[in-house]
Amino acid sequence: MEKRNKKPGRIIDRETRLKQKENLKTLVENSSVSKVRSTGRVIKYGAASFTRNIWLSIAATLVMTVTLVILLVTVGASLVLNSTAETLRDKIDITVYYKPGTSLEVLDNIASMIKTDPNVKEIAITDSAMEYQKFLEENQDNEDLMLALKDESMSELMLSTMQAAMRIKVYNPDNLDQLKNIVSTTEIIQENIDPEIEPTYDVNQAEIATISSWANIAKNGGLILGTVFLIISVLMIFNTIRMAIFSRREEIYMMRLVGADTNFIRGPFLVEAQICGIISGLLASTIAYGGYRLLAPSLVGYNIDISTVTMFMDTGRLVIVYLVVIGIGMLIGLISARLAMQKYLK
């Protein structure tokens, strides 16, 4: 009898387990559907709240857009100015002039001595004949001068006054002490150097210093302006969310009475702030890109190096710029909304 009673019990247990599994599966599916519906409603309510306070939302969006534009301009200006300064540094060469008629053999000997300075990158030497040929190439459009130099005596006179030159490129143009010491103390250099023309140690240094100072001003000024407008935009979004909470206080009260989840109540306000951030990011990126396309030809015409900005603006990396700026806008909106809800959404 005991054996017969056990078999039905086992069958009932298996059926119960199967039903439990089916019920759990149904609950999970319903829970997933419920979450999707809840998320959709949160987004819908957030968008509606954005349009409900449209003028305040527009003001907050515009202020955040200005903040993001200032941020982009600051970063772009710093990159451009620093890149331009580095480009000028790379183009700098120190020219040491030698007496007319100094032979290539002597110049090679002097160059080997100067190369003992580890800061020296490369040296190019030209004797008087080479310098004269270079002079002719640079002035070939001057018909009167070319006509005068066709006279053999005039040509020989010009050649006899043409200095030999040594053009030295260095790794760090701010560290020329050892090079100056070699030039001023080496006997063979002092015997052949042209006493009438000083080596061009300081050429372009003032221009580089000016550009570097402008880079610092752009960075510091941009950070200050960016911080000011960041605070303003946070306050604007903060006030927008505060007004939204105030206008929906009765609705929020009713939602709490019927047991609405905290995330469901907070969600629309976060969505509203995120919409501000997304729109601001799109506007700021588009304005920055338009400004770049407008100014780039003029900047290149003034020998300003914009290559660091071009590699983002004229390539597929532009999408990354948009995404980063939109992300920053959303982060600002998120922080502002959380501050407002923490204070007013009790």
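To be clear, the structure that these remarks concern was listed above.
For the structure given in this document, a descriptive report is provided here. Computed from a predicted model, the values in this text were never measured in an experiment. (Residues numbered from 1 in each chain as written. Predicted model: local features only at pLDDT ≥ 70, side-chain atom pairs only at ≥ 80, totals over all residues. Heavy atoms only, no water.)

Attention shifts here to helix α11 (residues 262–301). In this model α11 runs 58 Å from its N-terminal to its C-terminal C-alpha over 40 residues, within 8% of the 58 Å that 1.5 Å per residue would give. At Leu 295, α11 is deflected by roughly 40 degrees, the largest bend along its length, and proline Pro 297 occurs up to four residues later in sequence. (Helix = DSSP H or I, 4+ residues; strand = E, 2+ residues; numbered from the N terminus. Expected span 1.5 Å × (residues − 1). Bend = angle between axes of the 7 residues up to and from the residue.)

Turning next to a nonpolar patch on the surface. On the surface, a cluster of nonpolar side chains totalling about 650 Å² of accessible area is made up of Ile 54, Trp 55, Ile 58, Leu 62, Ile 279, Leu 283 and Ile 287. At 4 residues, helix α2 (residues 54–91) tops the list of elements feeding residues into the nonpolar patch. Tracing the chain through its elements places Leu 62 in helix α2. (Patch = residues over 30% accessible without salt bridge, like charges linked within 9 Å, V, L, I, M, F, W, Y side chains within 5 Å. Areas by Shrake-Rupley, 256 points an atom, 1.4 Å probe, with all protein chains shown as cover. Salt bridge = Lys/Arg side-chain N within 4 Å of Asp/Glu carboxyl O.)

With that settled, consider the environment of Arg 338. Within the element layout of this structure, Arg 338 appears in helix α13 (residues 318–344). With relative accessibility at 45%, the residue Arg 338 sits in the partly exposed group. In this structure, the C-alpha to C-alpha distance between Arg 338 and Phe 269, residues 69 residues apart in sequence, is 8.8 Å. (Buried < 20%, exposed > 50% of the residue type's maximum accessible area, 1.4 Å probe, protein only.)

For the rest of this paragraph, the subject is the layout of surface pockets. Its boundaries defined by the atoms lining it, the largest pocket holds a volume of some 750 Å³. In terms of lining residues, the largest pocket is bounded by 28 residues, among which Leu 72, Val 73, Gly 76, Ala 77 and Val 309 are the most central. When residues of the lining of the largest pocket are traced back to their parent elements, those giving at least two are α2, α11, α12 (307–313) and α13. Among the elements that take part in the lining of the largest pocket, α2 stands out by supplying 10 residues, more than any other. (1 Å grid on protein atoms, 1.4 Å probe; cavity = no way out; pocket = protein on both sides within 12 Å on 5 of 7 lines; lining within 4 Å. Points joined across faces, edges and corners; volume = space filled by probe spheres on them.)

What follows concerns the environment of Leu 334. Along the polypeptide, Leu 334 turns up in helix α13. Looking at Leu 334, the relative accessible area reads 29%, which means it is partly exposed. A sequence separation of 58 residues divides Leu 334 from Cys 276, and the C-alpha atoms of the two residues are 9.8 Å apart.

This paragraph deals with the side chain of Asp 117. Inspection of the secondary structure assignment puts Asp 117 in the loop between α3 (104–114) and β2 (120–126). Apart from the residues within four sequence positions on either side, Asp 117 is in contact with Gln 178, Leu 179 and Ile 182. (Contact = heavy atoms within 4.5 Å.)

Our focus in this paragraph is the pattern of salt bridges. All told, the structure shown has 2 salt bridges when counted by the stated rule. When the shortest N-O distance is used, the salt bridge between Glu 131 and Arg 167 registers 3.0 Å. Taken together, the residues span a long stretch of sequence, with Glu 131 in helix α4 (residues 128–138) and Arg 167 in strand β3 (residues 164–170) at a distance of 36 residues.

What follows deals with the sheet that holds β3. For sheets, the rule is that strands pair by backbone hydrogen bonds, running either parallel or antiparallel. Strand order in the open sheet made by the 3 strands is β1-β3-β2, with antiparallel pairing throughout. A strand with exactly one partner marks an edge of an open sheet, and here the two such strands are β1 (94–98) and β2. Averaged over all neighbouring strand pairs, the angle between strand axes comes to 20 degrees, with direction disregarded. Two elements, β2 and β3, share 6 bridges in a ladder whose sense is antiparallel. (Pairing = 2+ DSSP bridges. Axes fitted to C-alpha atoms, helices over the stretch in contact; angles between N-to-C directions.)

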